[in-house]
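Overview (structure and organization)
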Amino acid sequence: MQADKEDEEDVCPEEFVTLCDFTGSGSEQLSFSSGDKLLVHAKPTSEWWWAELRGVAGYVPASYLRPDGAEEEEEEEEDEDEEDTSLLDPWQDEEYFGSYGTLKLHLEMLSDKSRTEAYRQVIRSNSASLTNKVVMDLGCGTGIISLFCAQLAQPSVVYAVEASSMAEYTRQLVKQNGCEEVVTVFQGRAEEIELPDQVDVLVSEWMGNCLLFEFMVESVLLARDRWLRDGGVIWPSSAALTLVPCQADSYYREKMGFWERPYGLDFTPLQPLAHQEFFTKPKFSHLIEHNDCLTAPCDVICLNMYTLQVKDLEEIKGQFHFCVEKPGVFHGFTAWFTVFFESLEAGGATVELNTGPNSEPTHWKQTLFMLDRPVRVCAGDLIGGTILLRRNPVWRRHMTVTLHWNINCSTEETDHSQVGTKTFPMWR
Ligand SMILES: N=C(N)NCC[C@H]1O[C@@H](n2cnc3c(N)ncnc32)[C@H](O)[C@@H]1O
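Anyway, here's the lowdown on the structure attached to this text. Keep in mind it's a predicted model, so treat the numbers as computed, not measured. (Residues numbered from 1 in each chain as written. Predicted model: local features only at pLDDT ≥ 70, side-chain atom pairs only at ≥ 80, totals over all residues. Heavy atoms only, no water.)

**Description of the pairing of strand 9 (residues 199–204)**
Under the convention used in this document: Here the term buried applies to any residue with accessible area under 20% of the maximum for its type, exposed to any over 50%, and partly exposed to those in between, with areas from a 1.4 Å probe on protein chains only. In this text, helices come from DSSP runs of H or I with a minimum length of four residues, and strands from runs of E with a minimum of two, each type numbered from the N-terminal end. Only strands joined by at least two bridges in the DSSP assignment are considered to pair. Place the viewer so that the strands point away; then a crossover is right-handed whenever the path from the first strand over the helix to the second strand goes clockwise.
Within strand 9, 6 of the 6 residues are buried, which leaves the element mostly enclosed by the surrounding structure. Bridge count between strand 6 (residues 134–138) and strand 9: 4 bridges; the pairing is parallel. Bridge pairing in strand 9 places Met 136 opposite Leu 202. By the bridge criterion, 4 bridges tie strand 9 to strand 10 (residues 228–235) in an arrangement that is parallel. Bridging across to strand 10, Val 199 finds its partner in Leu 228. In this fold, the crossover linking strand 9 to strand 10 by way of helix 7 (residues 217–227) has right-handed handedness.

**A word on helix 7**
This is how the line gets drawn: A contact between two residues is defined here by any heavy atoms of the two lying within 4.5 Å.
Where burial is concerned, most of helix 7 is hidden: 8 out of the 11 residues are buried. Those residues of helix 7 that sit buried are Val 217, Glu 218, Ser 219, Val 220, Leu 221, Ala 223, Arg 224 and Trp 227. Contacts made by the buried residues of helix 7 are with strand 6, strand 9, strand 10 and strand 18 (382–391).

**Some details on unusual backbone geometry**
Most peptide bonds take the trans configuration, and most residues that are not glycine carry a negative phi. Note that the residue after Trp 235, namely Pro 236, is joined by a cis bond; omega there is -10°. Here Pro 236 is to be found in the loop between strand 10 and strand 11 (238–246). Cis geometry is adopted by the peptide bond preceding Trp 427, which originates at Met 426 and carries an omega value of -10°. Secondary-structure assignment places Trp 427 in the segment after strand 20 (417–426). Even without a glycine there, the phi angle at Phe 215 is positive, about 50°. Take Phe 215: it is sitting in the loop between strand 9 and helix 7. By relative accessible area, Phe 215 is classed as buried at 1%.

**Observations regarding the site of the ligand**
To be explicit about the condition: Being near a molecule or strand, for a residue, means having at least one of its heavy atoms within 4 Å of it. Counted as a polar contact is a pair of N or O atoms within 3.5 Å, where, for protein atoms, one must be capable of donating a hydrogen and the other of accepting one, and residues adjacent in sequence contribute only when both atoms are in side chains. Per-residue accessibility takes into account occlusion by the displayed protein chains alone, with areas from the Shrake-Rupley method and a 1.4 Å probe. For this classification, the nonpolar set comprises Ala, Val, Leu, Ile, Met, Phe, Trp, Tyr, Cys and Pro, the charged set comprises Asp, Glu, Lys and Arg, and every other residue, Gly included, is treated as polar.
Surveying the vicinity of the ligand reveals 19 residues, the closest of which are Glu 162, Ala 190, Glu 205, Met 207 and Ser 219. One of the backbone N or O atoms of Ala 163 is found 3.2 Å from a nitrogen atom in the ligand. With the chains in place, 98% of the 510 Å² that the ligand exposes on its own is no longer accessible. Looking at the shell around the ligand residue by residue, the class counts come to 8 nonpolar, 6 polar and 5 charged.

Structure representation (structure tokens):
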């Protein structure tokens, strides 16, 4: 790792203090501990800066740093102007609930038939058992799940909890659809509102990209512990994160191959920048084709929503062992999730919502993690390794995904095994 990089646009070195630990991946990223003082030499992008620590240099995530000496200023400012604290809110609630106060995200979720019909199927197939039950719909948004409960079953009451300003409209929708006798809307964070009673059923649509992004799941666990009576039911009851090694040839050509000969010119000096800009972070809303899968997929993480604890969310690790089924190019890994809704009725069928490539597409689609370099693989090659979801200690809705993999080639032509590791910020 060089002490500085000539080709970065240099700035007058500035001293920054790190807010938390960071473990860099690959030779380009610089690891540090919370409280370290770094010297920032260049800021090539808003997310990744070129910095030096004790004579060693590398890329660091800008969101993990604050200017040295800014702490005193922040304390002074905080006293003067409360509004600024929203910038320091580790949950970014103002931005997060602000985004759910507009229709865009609700339209996207409601337009997702696979998602919304799955929840309707859960209510419909358990309607008899929901009779006279107390239901909590956590993060109800426009209230669609609560309205399904009132329309398709006879619960005694549904507490529809929504923290964003959408709650005002949710009340109107409940009245407009004649459900005000059954559904009561509570505006506020589920962790903070007071409900009149314990609940028999806690239902929520909390899943984010790669299952956990946004970490709304923490709110569900806190509500479970506070409001779900013993023996109550939580929907989804369990969740699985699935991974598969894949080809991503069109994406690779679009973002990296493009620079080979655009208009007959050699633009390859831009490829390191393209790599940094397009392959450093995961690609959300990726649509993997069935033929892109190099192996059978594998469930790498399984969550039991009855036993999962908030502290477990800090670090979740999974293992995988894949056997390549056909020759191809290993560009990266694709991830998706499935959630399961156990039946309230003994022996009743479990409803599942699968966001993978072999199910009806959903608004989440899949998440693509591109390797630094594509690897040609043959049938019979083994790809084993681990995935680690590490929650951001500062920005509580964010995490990093670290993949370690080992390729054992089945044929003699290529060198025996290749080992790789890469950490992806999502998004901090
Ligand atoms: N990824 C998702 N499924 N997001 C759905 C999030 C919906 O739940 C709402 N929401 C998220 N967290 C909470 C919470 N702790 N309390 C109440 N509503 C919440 C949010 O405003 C939006 O309407």
